[in-house]
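# What the coordinates show
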Amino acid sequence: MPETDALLGFLESMHRIRYFEEEVARLRASGDVVGSVHLCNGQEAIYAGACAALDLSRDAVFPTYRGHGWTLARGAPPHAVFAELLGRRTGINGGRGGSAYLTAPEHGMFGENSIVGAGAPIATGAALAANYDGSGRVALAAFGDGAMNQGAVHEAMNFASVRRLPVIFLVENNHYSELTPISAMVRVDRLFKRASGYGMPGARVDGNDPDAVYRAVGEAARRARAGEGPVLLEAMTQRIVGHYIGDAQHYRPAGELDRALAEEPIGRLARALDGLGVPDADLTAIAERARTEITAAAARALADPPADPATVLEHLYA
Ligand SMILES: Cc1ncc(C[n+]2csc(CCOP(=O)(O)OP(=O)(O)O)c2C)c(N)n1
Ligand SMILES: [Mg+2]
């Protein structure tokens, strides 16, 4: 049984991400945030659990365009992330990246990627480098169930396994690739079983349970650091919002969203903590602290000056 304090830590981490995403949805509706935005509501347990299991000083994560949660869970300041989404000078990338291209290497977050599956070979490269630089770094590539059909992901898994590289392949299986259910794309319903094709372990984990994710990623990181090679983890979850802001989700069967809402990780953990005897007032205080922090960060970012167009070519390599 995990320590109650650890569970409370997961709860706060998930609340921060959820409030952040809710604020982003408002800022997108008001037109302050522009462009394509992919929220991660419902999937927060993966980020809270995985990042708690990684070493903040040396490990590296490579998420997708649905990466606000990873960025926050790695410790990037909410104000700088909001400012980035708002195209402000104070943004974590100077306002040049926006929602789908956040990068925070100083927090071990090596970039969202809008090319589905492209993070897997990049993370594999970072793991290969770790074998030479002696850093003991573990690289974690996070991608969706849809990305499991990208050739680059399979090339990365094969190469990583052959070279026993310290990389964790983490599938955020939210059952959909854009508007298409995973069942319409593959005949197997256990994606982690594909690991056996590359001679590496694979496992399924409850992606709505931050402690289960924490333990699975922790064990995968231990193995990777010990030179035992990569692992494929399939974290089962559901998004409780559309693929992108504005997605009406007409493709979801009746009742599916209600079931997902009943199982979403924040309410679920709060109910478990209640069952463990944690006073309601303590749970409310945690939520309130997260909400206050996030609301203040958004307000501060909104008041910041816009990005400087003269810097548009900075960090651009072609
Ligand atoms: C190589 C490539 N093909 C197609 C797209 C269009 N696209 C953007 S998101 C997405 C869905 C990917 O689904 P999944 O991997 O399950 O991730 P999720 O969005 O569910 O987190 C697709 C097909 C793309 N960005 N890149
Ligand atoms: Mg998906």
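Here the structure is a predicted model, which means the values were calculated and not measured.

Moving on to the coordination of the magnesium ion (ligand 2). Donor atoms from the polypeptide that coordinate the magnesium ion (ligand 2) comprise Asp 145 (OD), Asn 174 (OD1) and Tyr 176 (O), at 2.0 to 2.1 Å from the metal. Donor residues for the magnesium ion (ligand 2), ordered by position in the chain, follow D-x28-N-x1-Y. Pair noted here: Asp 145 is in the loop between strand 2 (139-144) and helix 6 (151-162) and Tyr 176 is in strand 4 (residues 176-177), with a separation of 31 residues, a long-range link. Grouping residues by exposure puts Asp 145 and Tyr 176 together as buried.

Right, let's talk about the nonpolar core for a bit. Phe 20, Trp 70, Phe 82, Leu 140, Ile 168, Val 217 and Leu 233 are the most contacted members of the largest nonpolar core, which has 53 residues in total. The element best represented in this core is helix 7 (residues 210-225), accounting for seven residues. Sequence-distant contacts of Trp 70, defined by excluding residues within four places in its chain, comprise Ile 46, Tyr 47, Ala 50, Cys 51, Val 61, Pro 63, Leu 140, Ala 142, Leu 170 and Glu 172. Grouped together as the second largest cluster of nonpolar side chains are 25 residues, Phe 62, Ala 123, Ala 147 and Phe 169 included.

It is worth spelling out the site of ligand 1 at this point. Lining the immediate environment of ligand 1, one finds 15 residues, of which Tyr 65, Arg 66, Ser 114, Gly 146 and Tyr 176 sit closest. At a separation of 2.9 Å, an oxygen atom of ligand 1 approaches a polar side-chain atom of Asn 174. Within the side chain of Glu 178, one N or O atom sits 3.4 Å away from a nitrogen atom of ligand 1. Protein chains shield 75% of the accessible area of ligand 1, which is 590 Å² for the free molecule. Here the shell around ligand 1 is built from residues that sort into five nonpolar, seven polar and three charged.

A few words now on the packing of aromatic side chains. Across all of its chains, the model carries five aromatic pairs by this definition. Ring centres of Phe 20 and Phe 82 lie 4.1 Å apart, and the angle between their planes is 20 degrees; this geometry places the pair in the stacked category. Here Phe 82 lies in helix 4 (residues 78-85) and Phe 20 lies in helix 1 (residues 4-29), a separation of 62 residues in the sequence. Accessibility assignment for this pair places Phe 20 and Phe 82 in one class, buried.

Rules and cut-offs
Residues numbered from 1 in each chain as written. Chains lettered and ligands numbered in written order. Predicted model: local features only at pLDDT ≥ 70, side-chain atom pairs only at ≥ 80, totals over all residues. Heavy atoms only, no water. Donors = N, O, S within 2.8 Å, 3.2 Å for Na, K, Ca; no water. Helix = DSSP H or I, 4+ residues; strand = E, 2+ residues; numbered from the N terminus. Buried < 20%, exposed > 50% of the residue type's maximum accessible area, 1.4 Å probe, protein only. Core = buried A, V, L, I, M, F, W, Y, C linked by side-chain atoms within 4.5 Å. Contact = heavy atoms within 4.5 Å. Near = heavy atom within 4 Å. Polar contact = N/O pair within 3.5 Å; in protein donor to acceptor, adjacent residues only side chain to side chain. Areas by Shrake-Rupley, 256 points an atom, 1.4 Å probe, with all protein chains shown as cover. Nonpolar A, V, L, I, M, F, W, Y, C, P; charged D, E, K, R; others polar. Phe/Tyr/Trp six-rings, centres within 6.5 Å; stacked < 30°, edge-to-face > 60°.

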